[in-house]
Amino acid sequence: MTGTGELEIIQIAAGPIETNAYLVMDLDASQALIIDAPSDVEIELDAAVVEHGVRPVALVLTHTHWDHIGDVAALADRYAAPVLVHEIERERIERPSGGPIPIPPAKVDRTLADGDTVALGSHRFVVMHTPGHSPGQISLYSAADGLMFGGDTLFPNGYGRVYIPGASE
């Protein structure tokens with residue numbers, strides 16, 4: 001089934017390098033997905049959740065580089081929302097290390113693979129495994145809504161950085 005109502009999307013840049021988090025809302029269902037959770041996004045994201053009267057049903061990580069996961073544990077706890085990530089990225093959220101800021105570990109509730117779906121109300125996002133920037137990088141695509149959330153798969157004028165450990169053209 002495809003989405004019946006339009007989705008509302010709020011983009012929030014947060015953390016030391018202003019990484020994007022997204023609150024994707026199906027207002028008809030009063031539900032939301034949180035996509036990525038950089039450090040210091042919790043307060044602004046919570047204000048949007050309260051303002052729109054939605055309940056986060058999942059926290060989806062496009063990948064687990066330090067700039068995308070700083071507030072995962074806090075948000076998962078705050079909303080009792082399951083954390084979803086590609087299996088290859090699981091270790092880096094459960095035992096984060098190597099970033100310039102301390103990041104608390106978080107429990108992964110569901111691993112995602114290419115072709116899986118993530119539901120938001122009556123909307124469905126297909127998981128696309130899009131490695132390159134990170135081995136377990138995923139993108140979420142909804143043809144019915146004309147949307148794709150790609151994390152760092154694509155940057156303006158090109159693809160995500162591939163000179164970091166684990167990356168590959």
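Structural notes, computed from the coordinates. (Residues numbered from 1 in each chain as written. Predicted model: local features only at pLDDT ≥ 70, side-chain atom pairs only at ≥ 80, totals over all residues. Heavy atoms only, no water.)

Observations regarding the pairing of strand β2 (residues 19-26)
Here is step 1: Within β2, six of the eight residues are buried, which leaves the element mostly enclosed by the surrounding structure.
Here is step 2: In terms of strand pairing, strand β1 (residues 8-14) meets β2 through seven bridges, oriented antiparallel. From the neighbouring strand, A13 faces β2, where its bridge partner is N20.
Here is step 3: If you look at the hairpin formed by β1 and β2, you'll find four residues sitting between the two strands, and G15 has a positive phi there, around 85°.
Here is step 4: In this structure, β2 lies alongside strand β3 (residues 31-35), joined through five bridges in antiparallel fashion. Along β3, the bridge assignment pairs V24 with L33.
Here is step 5: Hairpin connection, β2 to β3: the antiparallel pair is bridged by four residues, and S30 has positive phi, about 55°. (Buried < 20%, exposed > 50% of the residue type's maximum accessible area, 1.4 Å probe, protein only. Helix = DSSP H or I, 4+ residues; strand = E, 2+ residues; numbered from the N terminus. Pairing = 2+ DSSP bridges.)

So, the packing of helix α1 (residues 42-52) against helix α2 (residues 72-79)
Here is step 1: Running from N to C, α1 and α2 point in directions that differ by 30°, and their axes come no closer than 11 Å. It follows that α1 is roughly parallel to α2 by the angle criterion. Here the hand of the crossing between α1 and α2 comes out right-handed. Side by side, α1 and α2 meet where E42, L45, D46 and V49 of the first sit next to A74, L75, R78 and Y79 of the second.
Here is step 2: Broken down by class, the residue content of the contact of α1 with α2 amounts to five nonpolar, no polar and three charged. (Axes fitted to C-alpha atoms, helices over the stretch in contact; angles between N-to-C directions. Parallel < 35°, antiparallel > 145°, perpendicular 65-115°, else oblique. Left-handed = near helix turned anticlockwise from the far one by under 90°. Contact = heavy atoms within 4.5 Å. Nonpolar A, V, L, I, M, F, W, Y, C, P; charged D, E, K, R; others polar.)

Notes on the sheet that holds strand β9 (residues 138-142)
Here is step 1: Here four strands make up an open sheet; going across it, the order is β7-β8-β9-β10 and the pairing antiparallel. Of all strands in the sheet, those with a lone pairing partner are β7 (117-120) and β10 (147-149), marking the two edges. Neighbour-to-neighbour, the strand axes of this sheet turn through a mean angle of 25°, independent of strand direction.
Here is step 2: Direction of pairing for β9 relative to β10: antiparallel, over a ladder of three bridges. What sits directly across from Y141, in β10, is M148.

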